[in-house]
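Listed below are the residues making up each chain.
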Amino acid sequence: MSDDKPRKPISFTVPGTVQSEATTIATVKVERKPVAISTKNSAVVIEETTDVFNNYAELDTPIAAPLKRGWTIGSVFLGAVGLLVSFALALWTDALITRLFSRADWLGYLGLGLAAVALTALLVILTREWLALRRLDSVSQTRERATLAYDDNDETKARDIIEKLDKHLKSQPETASGRRHLDETKGEIVDGRDLIRLAETELLAPLDRKAKSLVLGAAKRVSVVTAVSPRALVDVGYILFESFRLIRQLCELYGNRPATLGLLRLAKNVIAHLAVTGSVAIGDSLVQQMLGHGIAAKISARLGEGVINGMMTARIGIAAMDLVRPLPFKAEKRPGIGDFMAELVKFGSEKTK
């Protein structure tokens with residue numbers, strides 16, 4: 001036996017041979033982005049996929065804008081039908097009052113008085129609707145003028161916009177402190193951009209926080225109701241109801257007070273904007289991303305569908321904010337779907353416990 005201690009094993013290269021990288025003991029792990037492999041025409045096509053769940057910017061819709069109104073064949077048709085219906089109602093009312101007078105004079109006068117009351121109420125309703133539409137148009141014009149004043153850095157236009165905005169939000173108690181602070185610093189700022197940014201921070205920031213709370217609350221209610229409802233028709237009906245209520249609440253929050261026609265116009269603008277930008281059709285891809293990240297394992301499949309519906313409701317709320325907010329987002333960050341996604345997923349996870 002030898003007294004020599006055993007030596008540690010070593011590696012060496014035999015002269016005349018080339019050591020390949022595949023035979024080395026240490027390997028370098030190179031990270032790459034996830035890819036999707038599909039076969040097409042007997043060839044392998046590799047397409048790089050994007051992670052839309054972590055990239056919230058891709059989920060955010062572009063800024064919504066009012067639709068441009070004009071005469072279309074549909075509006076001409078509806079106008080003609082409306083006039084025909086009005087003539088028919090007038091002839092029917094005239095014939096009815098004539099027949100009442102033929103029965104008894106007091107019946108004729110009673111019918112005439114009721115017709116006058118109905119006509120007066122109709123004029124009041126039409127006037128209210130017209131004023132509500134004017135308010136919405138005024139808000140849209142104020143937002144456009146504020147954008148121009150900000151881009152041009154025009155102090156005169158900015159002060160005029162702030163004065164109108166102060167009157168517009170005078171009835172909102174959340175803006176009392178901001179209006180007082182703006183009045184105290186009226187002569188200290190001469191830069192148009194700074195005036196617009198200060199007005200947005202002092203007057204609209206408190207309303208924005210409340211608006212986000214309204215949007216999140218509506219999204220949570222939709223996620224719960226659509227998760228437990230037994231019929232898809234009930235889901236659609238409740239989403240429409242909650243969306244209309246959310247749009248009305250946001251209008252009232254920003255001092256617009258819409259009537260029926262104004263609310264319908266806003267809903268039309270919101271739905272048209274989401275349809276044009278393709279935001280309504282992201283549900284399937286978003287579900288796949290959620291499944292890929294294991295989030296669906298934390299919540300039930302049914303409640304996961306409810307969370308998706310809640311996120312769609314949040315998108316409607318974001319688009320509605322763009323349309324009813326009297327100033328563009330300059331100093332304040334525009335809310336995105338990422339601001340609500342984490343809360344909705346957390347809310348869905350808590351409901352399964």
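Remarks on the overall build of the protein
Helix and strand content of the protein: 11 helices and two strands. Looking at the protein as a whole, 34% of its 353 residues qualify as buried. Of all intrachain contacts in the protein linking residues separated by at least 6 positions in sequence, the fraction that spans at least 24 positions is 73%. With an accessible surface of roughly 22900 Å², the protein has 61% of that area assigned to carbon and sulfur atoms.

Digging into the nonpolar core
Among the nonpolar cores identified, the biggest contains 53 residues, and I247, L250, Y254, L266, V270, M311 and L327 are the most heavily contacted of them. Filtering out sequence-adjacent residues up to four positions away, V270 remains in contact with I247, I316, A319, A320 and L323.

Observations concerning the layout of surface pockets
The computed volume of the second largest pocket comes to approximately 440 Å³. Every residue lining the second largest pocket is counted, 15 residues in all, and those nearest its centre are L89, T93, A115, A118 and L119. Contributing elements (two or more residues each) for the lining of the second largest pocket: α2 (73-103) and α3 (105-152). Its residues placed into classes, the lining of the second largest pocket shows 12 nonpolar, three polar and no charged.

Let's talk about the packing of α3 against helix α4 (residues 155-168)
Relative orientation of the contacting elements α3 and α4 amounts to 150°, with a least axis distance of 9 Å. The angle between α3 and α4 falls in the class roughly antiparallel. Seen from above, α3 lies across α4 with left-handed handedness. Judged by residue contacts, V139, T142, R145, A146, A149 and D152 of α3 engage K157, A158, D160, I161, K164 and H168 from α4. Here the contact of α3 with α4 is built from residues that sort into five nonpolar, two polar and five charged.

Definitions and cut-offs
- Residues numbered from 1 in each chain as written.
- Predicted model: local features only at pLDDT ≥ 70, side-chain atom pairs only at ≥ 80, totals over all residues.
- Heavy atoms only, no water.
- Helix = DSSP H or I, 4+ residues; strand = E, 2+ residues; numbered from the N terminus.
- Buried < 20%, exposed > 50% of the residue type's maximum accessible area, 1.4 Å probe, protein only.
- Contact = heavy atoms within 4.5 Å.
- Areas by Shrake-Rupley, 256 points an atom, 1.4 Å probe, with all protein chains shown as cover.
- Core = buried A, V, L, I, M, F, W, Y, C linked by side-chain atoms within 4.5 Å.
- 1 Å grid on protein atoms, 1.4 Å probe; cavity = no way out; pocket = protein on both sides within 12 Å on 5 of 7 lines; lining within 4 Å.
- Points joined across faces, edges and corners; volume = space filled by probe spheres on them.
- Nonpolar A, V, L, I, M, F, W, Y, C, P; charged D, E, K, R; others polar.
- Axes fitted to C-alpha atoms, helices over the stretch in contact; angles between N-to-C directions.
- Parallel < 35°, antiparallel > 145°, perpendicular 65-115°, else oblique.
- Left-handed = near helix turned anticlockwise from the far one by under 90°.

These results come straight from atomic positions and should not be treated as a statement about function.
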